[in-house]
Amino acid sequence: MKAFLTVFLKELIMFFRSWGLVAVVLYSFTVDVYIAGKGFEVKPRNVSVGYVDFTDGVISGKILSHLHSPEFQEPVRFLSEEELKKALFNRNIMVGIVFDSDFEKDFFEKKAKLNVMLDATAAAQGYVTLAYLQNIVLRFGEENFPVELKTHKLFNQNSDTPKFLSLAEFLSILTLITVILSSVVFVKERESGTWDIMLLMPVNSKIIILAKSFSQIVVVMIGTIICVGIVLFGIFKLPMNGSFMAFLVLTLIYSFSISGIGLFIASVAKNMLQVAQLSVIIMMPIIFLSGSWTPIYSMHPVLQELSLLSPLRYYIEGCESLFFRGTSVFDLWIDFVALLVLGVALYMFGFRKIGKLF
Amino acid sequence: MIKINVVKAYLKKEFSELVRSKLIIMVYLMPSMVLILFGYGIKMEVYNVRTAIINYDKSQLSYRIISAFEHSRYFKTEVMNIPEKEALEMMKRAEIDLLIIIPENFEKNLLKGLKTEIGIFIDASFPFRGLTIQNYAEGVLLKEAQELSQKKLPIVVNHRNMFNQSMRDENAIVPGLLGIVFLVAPAILSALLIVREKERGTIFNFYSSPIRKIDFVIGKLTLPFLLHSVNIFIIFLWATYLFKVPFRGNFFIYWITSEIYVLISVSIGLLVSIVARTQIVAIVLTIIITVIPGFLYSGIIMPISSMKGEAAFEAHIFPVMYYNHIIYDAFLIGQGFSSEKNLFYFFVLISYWIFITVAGTLLLKKELR
């Protein structure tokens with residue numbers, strides 16, 4: 001136990017001595033998460049619309065008046081279809097609407113056609129714009145359309161992207177920092193040759209390894225509390241519908257299993273450059289298979305099976321459930337157990353590979 | 001005049017160092033990996049949404065709606081006979097993503113023309129996914145309801161998806177990724193090549209020898225440029241064969257624009273190397289000044305035409321916007337230089353390159369600080 005504490009404190013002191021590293025870690029956990037949360041907006045905003053109107057402009061004007069901010073910019077009028085197309089081809093506008101000269105006549109005969117040209121190179125905006133237009137037209141035509149759709153978006157009513165993106169960025173920063181810190185701790189010693197001396201000491205090598213990675217887990221946990229407390233709760237006003245303690249415990253288990261990956265990298269890499277390369281190569285599939293980009297149920301069945309190996313998958317599921325869905329801890333037991341199993345397996349490998357002198 | 005011998009010697013030295021330190025693998029692995037990962041990873045479409053339908057009506061019409069969901073590849077539907085509350089609990093446990101509730105007397109009311117409500121519950125803890133699911137579900141329901149109520153709408157939206165008829169995500173995203181890949185990778189490499197000498201102290205060879213600044217710059221920057229010129233072709237093949245992005249424009253325009261863009265990126269690396277003293281700082285600095293604008297102002301996430309004020313101004317400062325405009329045109333639109341805007345942007349890129357290369361060369365110091 002004393003050996004554990006000594007190694008643990010030594011690593012902590014070494015970490016806080018290198019103020020450059022401290023600054024980088026602090027920066028990633030605060031400013032970087034803030035920028036990512038603020039900077040990206042996936043919902044369509046200010047979509048530019050152009051139109052050609054060959055009618056008297058009564059009905060077309062009514063339709064156009066529905067296209068307002070913040071989703072749309074003021075529609076721009078073009079004099080001919082050629083000009084409209086040119087603007088569309090030059091990507092000055094994204095949506096082009098053409099009102100034929102028979103549009104109004106057809107409207108009263110209920111066979112009017114609204115010609116819409118979408119710049120589908122921005123697929124996301126294209127989708128939503130189209131749905132929006134269809135909704136306008138639908139409401140426009142029939143005040144007494146008998147079916148009404150009551151849509152409730154649970155857990156994040158306004159599809160608030162900053163809340164989600166700041167959380168997602170926090171997750172990836174946490175993962176990246178943990179992997180790099182926990183592998184650098186070992187590789188630094190290996191590079192300078194002191195690792196062999198450590199192993200020669202009359203202390204169980206497992207204790208040394210555990211103490212070393214536990215010190216980095218503590219660093220990461222401090223970063224987590226700063227990030228969640230100041231940036232996520234303070235600035236982005238994230239809801240916490242589950243239990244905060246459960247989140248901390250989950251984070252602890254997660255950083256344990258991720259530091260296992262760091263240990264794995266450390267046992268393979270010979271110098272810092274290789275650490276950098278390996279961590280990128282290993283991290284990318286882990287993030288890709290986690291379901292944060294493509295939902296797991298939309299993946300290829302083989303990839304779905306493979307995603308069971310990605311620790312990030314369980315952690316994202318757990319965090320989303322705790323922050324937004326408000327799931328109770330007992331329904332999340334599988335995530336806790338899976339993370340623990342992955343972590344233990346990785347450490348077993350690490351003990352064997354790096355914990356022996358010969 | 002440029003001393004060819006000096007440049008040649010630098011090229012030889014840098015190349016053999018790259019091969020020896022195995023950094024050459026990263027030069028070719030990273031761009032392709034980023035492209036493949038993001039190309040597959042950023043998906044706006046969602047398939048197999050786990051859907052639960054609670055049917056209180058049990059009429060013919062309600063079954064029609066259910067079968068519409070069952071036959072769509074976007075939904076994996078299951079009709080459940082459980083109370084609403086339990087279904088919402090399931091959503092809380094992330095077992096279903098979409099819940100649709102068809103009320104009692106749905107058919108009766110519909111035929112009488114009375115107002116009926118269909119309840120839709122969506123798990124929006126992934127906001128964009130939620131938005132997409134909402135669009136899909138409302139689309140299916142409205143279409144069915146229209147047919148069922150036998151009322152004709154006065155206006156039909158007749159839309160054409162220009163440039164990307166089938167609305168494939170790959171077509172929309174992959175060309176935009178080129179602007180990021182070719183901005184980041186060459187810049188990092190060229191910055192590293194110079195800063196590594198600074199960190200190791202071998203830069204004094206340059207300070208103390210009669211090599212002129214211009215020879216040094218050319219000697220250092222030519223290698224990243226040449227290596228990444230090969231990447232221009234590799235990435236093109238990934239985009240067209242792996243992601244099946246159509247190529248409607250002129251290959252020559254794609255190639256020449258990309259070469260100039262790589263030159264710009266390499267010069268950005270030169271600018272970074274003037275400030276940075278250690279390799280780690282060089283890498284972090286390059287990533288900060290290239291990746292974030294590369295994503296924000298690439299038009300992938302937000303179209304340039306939707307930007308206003310500050311964002312629009314900043315977008316015009318970085319080269320990504322100009323390059324991506326030409327690249328999207330080359331892949332999806334195919335106007336080439338017959339459009340003045342493309343031609344104008346092309347010249348903007350050339351002058352951009354000349355400006356920062358001259359600035360970088362002038363700012364580079366050939367003495368001890």
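Since the model is a prediction, treat every value here as computed from it, not as a measurement.

Scanning chain B from terminus to terminus reveals 14 helices and five strands. Taking the principal axes of the C-alpha coordinates as reference, chain B spans close to 95 × 45 × 40 Å. Buried positions account for 57% of the 369 residues belonging to chain B. In chain B, 79% of the contacts between residues at least 6 apart in sequence involve partners at least 24 apart. When the 38 positive and 29 negative side-chain charges of chain B are each reduced to one mean point, those points stand 10 Å apart.

Here the focus is the domain arrangement of chain A. Interfaces are often sized by the amount of accessible area the parts lose when they come together. According to the domain assignment, chain A contains domain 1 (2-40 + 159-354) and domain 2 (49-141). Taking only C-alpha atoms into account, the centre of domain 1 of chain A sits 49 Å from that of domain 2 of chain A.

It is worth spelling out the nonpolar core at this point. Proteins that are soluble and globular tend to have nonpolar side chains buried together. Core analysis: the biggest nonpolar cluster contains 92 residues, and L178, F182, F206, F216, Y254, F331 and L349 of chain B have the highest contact counts within it. Take this core: its biggest share by element is 14 residues, from helix α7 (residues 169-200) of chain B. Residues contacting F206 of chain B, with those up to four places away along its chain left out, are Y10, I211, R212, K213, F216, L364, K365 and K366 of chain B. Ranked by size, the runner-up nonpolar core spans 84 residues in total, among them L12, V184 and I354 of chain A together with I82 of chain B.

The subject of this paragraph is the domain arrangement of chain B. Taken as a whole, chain B is organised into domain 1 (4-42 + 165-363) and domain 2 (49-149). For domain 1 of chain B and domain 2 of chain B, the distance between their C-alpha centres works out to 48 Å.

Once that is clear, we can look at helix α4 (residues 84-92) of chain B. Residue and element names in this part refer to chain B. For α4, the set of buried residues is A87, M90 and M91. The buried side chains of α4 occupy one side of the element, clustering within an arc of 100° when seen end-on. A positive backbone phi angle near 60° is found at A94, which sits one or two residues after α4.

A positive phi angle is found at R91 of chain A, which is not glycine, with a value near 60°. Along the chain, R91 of chain A falls in the loop between α4 (81-89) and β3 (95-99). With a phi angle near 55°, K244 of chain B is a residue other than glycine that sits in the positive phi range. Note on placement: K244 of chain B falls in the loop between α9 (213-242) and α10 (251-275).

The next subject is the packing of aromatic side chains. Each aromatic ring pair is described using two quantities: the centre-to-centre distance and the angle formed by the ring planes. Here the structure, examined in full by the defined rule, presents 40 aromatic pairs over all chains. With a centroid separation of 4.9 Å and 90° between ring planes, the pair formed by Y322 of chain B and Y345 of chain B is classed as edge-to-face. Pair noted here: Y322 of chain B is in helix α13 (residues 320-333) and Y345 of chain B is in helix α14 (residues 340-363), with a separation of 23 residues, a long-range link. With respect to class, Y322 of chain B is no different from Y345 of chain B; both count as buried. Among the aromatic residues, those joined into a cluster by ring pairs are F29, F170, F233, F244, F247 and F323 of chain A. The cationic tip of R91 of chain A hangs over the ring face of Y328 of chain B; the distance from NZ or CZ to the ring centre is 4.7 Å. One Lys or Arg, K212 of chain A, reaches over the ring of F186 of chain A and ends 5.8 Å from the middle of that ring.

How each quantity is defined
- All residue numbers refer to position in the chain's written sequence, counted from 1.
- Each chain takes a letter, starting from A, and each ligand takes a number, starting from 1, following the order in which they are written.
- Reporting of local features is limited, given that this is a predicted model, to residues whose pLDDT is at least 70; pairs of side-chain atoms are given and counted only at 80 or more, and all residues count toward the totals for whole chains, interfaces and linings.
- The side-chain numbers reported here are obtained from all heavy atoms of the structure, hydrogens and water having been left aside.
- Under the DSSP-based scheme used, a helix requires at least four consecutive residues in state H or I and a strand at least two consecutive residues in state E, with every element numbered from the N terminus.
- Only protein chains enter the area calculation, which uses a 1.4 Å probe; residues under 20% of their type maximum are buried, those over 50% are exposed, and those in between are partly exposed.
- Should any heavy atoms of two residues lie within 4.5 Å, those residues are counted as being in contact.
- Working convention for charge: Lys and Arg count positive, Asp and Glu count negative, and His plus the chain ends are omitted.
- For this purpose, a charge sits on NZ of Lys, CZ of Arg, CG of Asp or CD of Glu.
- For each domain, the first and last residues come from an automatic or database assignment.
- Working definition of a nonpolar core: buried Ala, Val, Leu, Ile, Met, Phe, Trp, Tyr and Cys residues. They are joined through side-chain atoms within 4.5 Å.
- Within this analysis, the arc is defined by the directions that extend from the helix axis to the C-beta atoms.
- Between rings of Phe, Tyr and Trp, where Trp is taken as its six-membered ring, a pair exists when centres lie within 6.5 Å; planes separated by under 30 degrees are stacked, by over 60 edge-to-face, and by other angles tilted.
- Ring-over charges, as used throughout, are those where CZ of Arg or NZ of Lys falls within 6 Å of the ring centre and within 35 degrees of the ring normal.

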